[in-house]
Amino acid sequence: MGNKPFNAGSGKSFTLRVEMLNEETNFVVIASAICEHGGDVVAIDMIQTNVEKTIRDITVTVQDTVQIDRISTSIKALAGVQLLHISDRTFLMHLGGKIEMKAKHPVQNRDDLSRVYTPDVARVCMAIHDDPRKAFTLTMKRNTVAVVSDGTAVLGLGDIGPYGAMPVMEGKAMLFKQFGDVDAVPICLDTQDTEQIIQIVKSIAPGFGGINLEDISSPRCFEIEARLKEELDIPVFHDDQHGTAVVLYAGLINALKLVKKRIEDVKIVVNGIGAAGVACSNILLKAGCKNLIGVDIDGAIVRTNTYEQDSWNQFAQRTNPNLESGSLADVIKGADVFIGLSRGGLLKREHVLTMAERPIVFAMANPNPEIAPEEAVDIVAVLATGRSDYPNQINNLLCFPGIFRGALDCRASTINEEMKLAAAEAIAATITDKERNSSYIIPSVFNPTVVENVRKRVIEAALETKVARRVPREYRD
Ligand SMILES: NC(=O)c1ccc[n+]([C@@H]2O[C@H](COP(=O)([O-])OP(=O)(O)OC[C@H]3O[C@@H](n4cnc5c(N)ncnc54)[C@H](O)[C@@H]3O)[C@@H](O)[C@H]2O)c1
Ligand SMILES: O=C(O)C[C@H](O)C(=O)O
Ligand SMILES: [Mg+2]
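This structure is a prediction, so every number in the text was calculated from the model and none was measured.

1. A short note on the coordination of the magnesium ion (ligand 3)
Part 1: Around the magnesium ion (ligand 3), the donor atoms from the protein are E214 (OE), D215 (OD) and D240 (OD), and they sit 2.1 Å away.
Part 2: In primary sequence terms, the donor set of the magnesium ion (ligand 3) follows E-D-x24-D. One end of the pair, D215, is in the loop between strand 7 (210-213) and helix 9 (220-231); the other, D240, is in helix 10 (residues 239-259), with 25 residues separating them in the sequence. This pair shows no difference in class: D215 is buried, exactly as D240 is.

Now the structure itself:
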């Protein structure tokens, strides 16, 4: 990436409704006040005008919300100008929620009513009762996934509870639909009890073709997923673990090609051995990494210690062959790859300076990465974050729509390791040798071929491993 300018974040967008007395002031005065405090005017809409006054909506982007406070104070102080209100466009997009349910057929008369509802619906109910597999053809189960969270590990914000988690789960449902044409229902549970969560998900499963667990903190997420996988006959996929692992591995395949290093030879430090950290480490070990060191809140995880969290004891057995101990600052020395799945701001520029030559930094904590790209871009070979407003977005969005699309299309009973590896390879292969560069190691989520490539590879892997319960038409002889 060298010294090339790094594309800064896209900023936050606000719309200011401003009334101006035409005789006393003009638009240039307002535009200057905005620019002076670092705002960019991106749109101007005339709302109302007459000889006396003009009302305009001025849409402004800023990098930091402090700037909008300064802009508003400065506009309020101008003679002949009134700031009528400010709307935050992100909040506007959330008004009343982001998704809704839609009927597939209108119900216009008694005849329609008797078919979609009682009495005729009873025949459909009995057909399913006689053969439960028909739930896949005669109900929304075929195309519907539950996005289930308890709000305990929402992005990198931590335990913000089920109400706070809802905008993320609605967002996931929105993206499932847009990218994979999967109908997804956000379900936020007001309990953190492992057993209760398992029982609730089992109880709602009849209506769903898959369960996407989201933002459930570790170590509870491991047991919840393992038990549900065992006890349900539909795919159960903890997105923060496996979706992240799939996309991370895809990105690393391409980043390592760029720096001409092999996964077998590199030292990888993973910061944050929670849900995502464990799963990402597992996929990298499976892919051949021999020297992977995990770091969590008390420093490097090493098998000479015993941990309260059993997931860390198991992790320690598979990692850190040279028994390196100490803090992140200690073990990052000489590392070729840093993977952050912890919290914002934990990686410092001084740490990166001690890494091996041509280091790769994947700072994937959301919404704030372990290191701000601006702080490290000039000293790394490849830098990626989980965010959509920087290049190289390593985000599970590249995986979950396609992997579930494939799983639903072949009615898979589970999403197994082979299907995950196939998904990772499909994502990595979307970028050709010619296209690959330090700002392009992973395709955009808007790349129209990604979901289809992932879907196909996932179906093929499901058919090969015999977990598909339906052969999609395109695969029938
Ligand atoms: N980019 C992506 O696609 C993606 C996907 C999943 C998770 N994430 C991000 O990864 C982070 C972790 O998510 P998760 O679901 O695994 O949560 P989690 O709660 O299961 O794990 C977080 C881990 O970070 C550890 N941690 C906290 N402070 C630390 C510190 N100072 N040093 C080292 N470790 C520390 C915690 O102890 C915990 O083990 C979040 O920021 C989340 O947004 C990103
Ligand atoms: O939600 C995201 O953007 C990615 C991921 O699932 C996370 O928890 O951070
Ligand atoms: Mg998540």
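2. A short note on the nonpolar core
Part 1: Within the largest apolar cluster, 102 residues are counted, with the highest numbers of intra-cluster contacts made by I211, I268, L284, I339, F362 and I427.
Part 2: Here this core gets 10 residues from one element, more than from any other, and that element is helix 10.
Part 3: The residue makeup of this core includes at least three contributed by each of domain 2 (110-234) and domain 3 (243-477).
Part 4: The contacts of I339, once residues within four sequence positions are left out, are L248, I268, V269, V270, N271, L284, F362 and M364.
Part 5: Counting 18 residues, the second-largest nonpolar core is a separate cluster that includes I332, L347, I371 and L383.

3. Here's the deal with the UniProt feature "binding site: (S)-malate" (unreviewed entry) in the chain
Part 1: Taking the UniProt record as the reference, the feature "binding site: (S)-malate" (unreviewed entry) is found at N366 and N395. Taken together, the annotated residues stretch across 30 residues yet fold into one region, lying no more than 9.5 Å apart by C-alpha.
Part 2: Residue placement: N366 occurs in the loop between strand 13 (360-363) and helix 15 (373-376).
Part 3: When near neighbours in sequence (up to four residues on either side) are disregarded, N366 contacts L155, G156, L157, G386, R387 and N395.
Part 4: Within the secondary structure, N395 sits in the loop between strand 14 (382-385) and helix 16 (400-409).
Part 5: Excluding anything up to four places from it in sequence, N395 contacts V247, N366 and G386.

4. Things to note about a nonpolar patch on the surface
Part 1: Residues V107, L113, V116 and Y117 make up a contiguous nonpolar surface patch of roughly 380 Å² in combined accessible area.
Part 2: Of note, V107 is situated in the loop between helix 3 (89-92) and helix 4 (110-116).
Part 3: In this structure V107 comes out as partly exposed when scored by relative accessible area, which is 47%.

5. Some thoughts on the pairing of strand 12 (residues 337-340)
Part 1: Along strand 12, one buried face is formed by V337 and I339 and the opposite face, lined by F338 and G340, is buried too.
Part 2: Here four bridges tie strand 9 (residues 267-271) to strand 12, and the two strands are oriented parallel to one another. Looking at the pairing, N271 lines up with G340 of strand 12.
Part 3: Two strands pair when backbone bridges link them, and strand 12 and strand 13 are joined in this way by four bridges, in the parallel orientation. Its bridge partner being in strand 13, G340 is matched across the sheet by A363.

6. A look at the state of the cysteines
Part 1: Evaluation of the coordinates by the stated rule reveals zero disulfides.
Part 2: Left unpaired, C188 is separated from the closest cysteine sulfur, that of C221, by 16 Å.
Part 3: Considering cysteine sulfurs only, C399 is the nearest to C410, which forms no disulfide, with 14 Å between them.
Part 4: Using a relative accessible area of 0% as the deciding quantity, one classes C410 as buried.

7. Observations concerning the side chain of N254
Part 1: Its place among the elements puts N254 in helix 10.
Part 2: For N254, a relative accessible area of 1% corresponds to the buried category.
Part 3: For N254, the side chain forms a polar contact with the side chain of R436, separated by 3.5 Å.
Part 4: In contact with N254, not counting residues within four places along its chain, are A428, I431, R436 and I441.

8. Re the packing of helix 7 (residues 161-180) against helix 16
Part 1: Interhelical geometry of helix 7 versus helix 16 gives an angle of 65° and a closest axis separation of 9 Å. As judged from the angle between their axes, helix 7 and helix 16 are roughly perpendicular. Crossing of helix 7 over helix 16 shows right-handed handedness. Residues K172, L175, F176, F179 and G180 of helix 7 pack against F400, P401, F404 and R405 of helix 16.
Part 2: Its residues placed into classes, the contact of helix 7 with helix 16 shows six nonpolar, one polar and two charged.

9. Overview of helix 18 (residues 450-464)
Part 1: Over its 15 residues, helix 18 extends 21 Å from the first C-alpha to the last, a length consistent with the 21 Å expected when each residue adds 1.5 Å.
Part 2: Those residues of helix 18 not exposed but buried are V450, V451, V454, R455, V458, I459, A461 and A462. The buried residues of helix 18 occupy one face: seen down the axis, they fall within an arc of 165°.
Part 3: Buried-residue contacts for helix 18 involve helix 7, helix 16 and helix 17 (417-429).

10. Thoughts on the layout of surface pockets
Where empty space is left becomes clear once a probe the size of a water molecule has been rolled over the atoms.
Part 1: In this structure, the second largest pocket occupies an estimated 1100 Å³ of space.
Part 2: Taken together, 28 residues form the lining of the second largest pocket, with M101, K102, K104, M140 and D183 sitting closest to its centre.
Part 3: For the lining of the second largest pocket, the secondary structure elements donating two or more residues are helix 4, helix 5 (121-130), helix 6 (135-138), helix 7 and strand 6 (183-188).
Part 4: Counting residues per element, the lining of the second largest pocket draws most heavily on strand 6, at four residues.
Part 5: In the lining of the second largest pocket, the residues fall into 16 nonpolar, five polar and seven charged.

11. What about the domain arrangement of the chain?
Bring the parts together and some accessible area is lost; that lost area is often taken as the interface size.
Part 1: Looking at the chain, the domain boundaries give domain 1 (12-92), domain 2 (110-234) and domain 3 (243-477).
Part 2: One C-alpha centre belongs to domain 1, the other to domain 2, and the line joining them spans 44 Å.

12. Some words on the sheet that holds strand 14
Part 1: If you trace the six strands from one edge of the open sheet to the other, you get 11-10-9-12-13-14, paired in mixed fashion. Each of the sheet's edge strands pairs with one partner strand only, and the pair in question is strand 11 (299-300) and strand 14.
Part 2: Alignment of strand 9 against strand 10 (residues 291-296), held across five bridges, turns out to be parallel. Residue pairing across strands places V269 opposite I293, the latter belonging to strand 10.
Part 3: Sheet strands touched by helix 10: strand 9, strand 12, strand 13 and strand 14. Its angle to strand 13, the strand with the most contacts, is close to 160°.

Conventions adopted
- Residues numbered from 1 in each chain as written.
- Chains lettered and ligands numbered in written order.
- Predicted model: local features only at pLDDT ≥ 70, side-chain atom pairs only at ≥ 80, totals over all residues.
- Heavy atoms only, no water.
- Donors = N, O, S within 2.8 Å, 3.2 Å for Na, K, Ca; no water.
- Helix = DSSP H or I, 4+ residues; strand = E, 2+ residues; numbered from the N terminus.
- Buried < 20%, exposed > 50% of the residue type's maximum accessible area, 1.4 Å probe, protein only.
- Core = buried A, V, L, I, M, F, W, Y, C linked by side-chain atoms within 4.5 Å.
- Domains from an automatic or database assignment.
- Contact = heavy atoms within 4.5 Å.
- UniProt positions renumbered as here; feature names shortened; annotations may be inferred.
- Patch = residues over 30% accessible without salt bridge, like charges linked within 9 Å, V, L, I, M, F, W, Y side chains within 5 Å.
- Areas by Shrake-Rupley, 256 points an atom, 1.4 Å probe, with all protein chains shown as cover.
- Salt bridge = Lys/Arg side-chain N within 4 Å of Asp/Glu carboxyl O.
- Pairing = 2+ DSSP bridges.
- Disulfide = S-S within 2.5 Å.
- Polar contact = N/O pair within 3.5 Å; in protein donor to acceptor, adjacent residues only side chain to side chain.
- Axes fitted to C-alpha atoms, helices over the stretch in contact; angles between N-to-C directions.
- Parallel < 35°, antiparallel > 145°, perpendicular 65-115°, else oblique.
- Left-handed = near helix turned anticlockwise from the far one by under 90°.
- Nonpolar A, V, L, I, M, F, W, Y, C, P; charged D, E, K, R; others polar.
- Expected span 1.5 Å × (residues − 1).
- Arc of directions from axis to C-beta.
- 1 Å grid on protein atoms, 1.4 Å probe; cavity = no way out; pocket = protein on both sides within 12 Å on 5 of 7 lines; lining within 4 Å.
- Points joined across faces, edges and corners; volume = space filled by probe spheres on them.

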